[in-house]
Amino acid sequence: MELKSANSQLSLAFTEIKDSINYAKRIQEAILPLEVDIQKEIPEHFILFKPRDVVSGDFYWFNQKEDKIYIAACDCTGHGVPGAFMSIIGNSLLNEIINENHVSEPAHIMNMLRQKLITSLKQQGGEQSKDGMDMVLCRIKKDRSEL
C-alpha cells in the first residue's frame, strides 16, 4: 500500500513539474520575435532554432528602430530552466537598452548589456558566478545598406 501511495505522489509531482515546464516554454516562446516582423524588414532570412531542452538558454532577438535593424543570436549559460531564466533576462535587457536607453552602437549595446547583467545578477564584488551569455549582434542601417 505504501509503495502504491508513493508511486501516486511521484506521478502527481512529475505531472506538475512537466506542466510547469511546458507553461514556461509558452512564456519563453512569447518573447521571441514574430517571424512576420522579421520578414517585413529582412525578406530573405531564415531562423534555425533548435533548443536542446523544452526551455532553453538560447534565443534569437530582433528589434527595428528608425532606420536601423538589430538582430542577435544568444547562447546563455545553463540549459533548461536556468538557461531559460538567463534568456528572459537577456531579452529584456536588450529591449531596455535599445528602446529606453536609446543606445544604437553595437559595441555600446554589448558593453551596457554586460554591465546590466553584472548588476542584475549581483556579480560585483567578492563572489562571482559564471552566469552570462555569448552573443552575436548585428545592426543593419537600411538607408545605407550597411551591416
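All figures in this text were calculated on a predicted structure; none of them were measured in a lab.

1. A few points about helix 4 (residues 106–120)
The end-to-end C-alpha distance of helix 4, which contains 15 residues, comes to 20 Å, matching closely the 21 Å that a straight helix rising 1.5 Å per residue would cover. Of all the positions in helix 4, only Ile109, Leu113, Leu117 and Ile118 are classed as buried. When helix 4 is viewed along its axis, its buried side chains cluster within an angular range of 170° and face the same direction. Opposite its buried face, helix 4 presents the exposed residues Ala107 and His108, each directed more than 90 degrees away. Where helix 4 is buried, its residues meet strand 2 (68–76), helix 3 (80–100) and strand 3 (133–141). Backbone geometry just after helix 4 places Lys122 at a positive phi near 50°.

2. Structural notes on the sheet that holds strand 2
Sheet architecture is open: three strands sit in the order 1-2-3, paired in antiparallel fashion. Of all strands in the sheet, those with a lone pairing partner are strand 1 (58–65) and strand 3, marking the two edges. Taking each pair of neighbouring strands and ignoring which way they run, the sheet shows an average axis angle of 10°. Relative to strand 2, strand 1 is paired through eight bridges, and the arrangement is antiparallel. Bridge pairing in strand 2 places Phe59 opposite Cys74. Across the sheet, helix 3 touches strand 1, strand 2 and strand 3, and the angle it forms with strand 1 is around 15°. Of the strands in this sheet, strand 2 and strand 3 touch helix 4, which is tilted by about 150° from strand 3.

3. Quick word on the pattern of salt bridges
Overall, the coordinates contain seven salt bridges when judged by the stated rule. Residue Glu146 pairs with Arg144 through a salt bridge whose shortest N-O separation is 3.6 Å. On the basis of relative accessible area, Arg144 is assigned to the exposed category, the value being 53%.

4. Brief notes about the nonpolar core
Ranked by size, the top nonpolar core spans 24 residues in total, and within it Phe59, Trp61, Leu94, Ile109 and Leu113 carry the most contacts. Counting residues per element, the ones that place at least two in this core are strand 1, strand 2, helix 3, helix 4 and strand 3. In this view, Leu94 contacts Phe59, Trp61, Cys74, Ile109, Leu113 and Met135; residues no more than four positions away in its chain are not counted.

5. Focus on the packing of helix 1 (residues 2–31) against helix 3
Contact geometry for helix 1 and helix 3: axes closest at 11 Å, N-to-C directions at 25°. Considering the angle they form, helix 1 stands roughly parallel to helix 3. Helix 3 is crossed by helix 1, and the crossing has left-handed handedness. Along the contact surface, helix 1 presents Ile21, Ile27, Gln28 and Ile31, while helix 3 presents Val81, Ala84, Ser87, Ile88 and Asn91. Across the contact of helix 1 with helix 3, the residue classes break down as six nonpolar, three polar and no charged.

6. Considerations on unusual backbone geometry
Not every positive phi belongs to a glycine, and His102 is a case in point at roughly 55°. If you trace the backbone, His102 turns up in the loop between helix 3 and helix 4. Its identity as a non-glycine residue notwithstanding, Lys122 has a phi of 50°, on the positive side. Tracing the chain through its elements places Lys122 in the loop between helix 4 and strand 3.

Calculation criteria
Each chain carries its own residue numbering, running from 1 in the direction its sequence is written. Totals for whole chains, interfaces and linings use every residue, but because this is a predicted model, local features are given only for residues with pLDDT of at least 70 and side-chain atom pairs only at 80 or more, for both listing and counting. Note that water and hydrogens are dropped before the side-chain values are worked out from all heavy atoms of the structure. Counting from the N terminus, the helices are the DSSP runs of H or I reaching at least four residues and the strands are the DSSP runs of E reaching at least two. The length a helix should cover is 1.5 Å for every residue beyond the first. Burial classification: accessible surface area is computed with a 1.4 Å probe over protein chains only, and a residue below 20% of its type maximum counts as buried, one above 50% as exposed, and the rest as partly exposed. Summarising the geometry, the arc corresponds to the directions from the helix axis toward the C-beta atoms. We call two residues in contact whenever any of their non-hydrogen atoms come within 4.5 Å of each other. In this analysis, strands are considered paired if DSSP registers two or more bridges between them. Axis definition: a line fit to C-alpha positions, over the contact stretch in the case of helices; interaxial angles, taken between N-to-C directions, run 0 to 180 degrees. When a carboxyl oxygen of Asp or Glu is within 4 Å of a side-chain nitrogen of Lys or Arg, the pair counts as a salt bridge. For our purposes a nonpolar core is just a set of buried Ala, Val, Leu, Ile, Met, Phe, Trp, Tyr and Cys residues, chained together by side-chain atoms within 4.5 Å. An angle below 35 degrees is read as roughly parallel, one above 145 as roughly antiparallel, one from 65 to 115 as roughly perpendicular, and any other as oblique. Helix crossings are classified by the rotation of the near helix relative to the far one: an anticlockwise turn of less than a right angle makes the crossing left-handed, while a clockwise turn makes it right-handed. For this classification, the nonpolar set comprises Ala, Val, Leu, Ile, Met, Phe, Trp, Tyr, Cys and Pro, the charged set comprises Asp, Glu, Lys and Arg, and every other residue, Gly included, is treated as polar.

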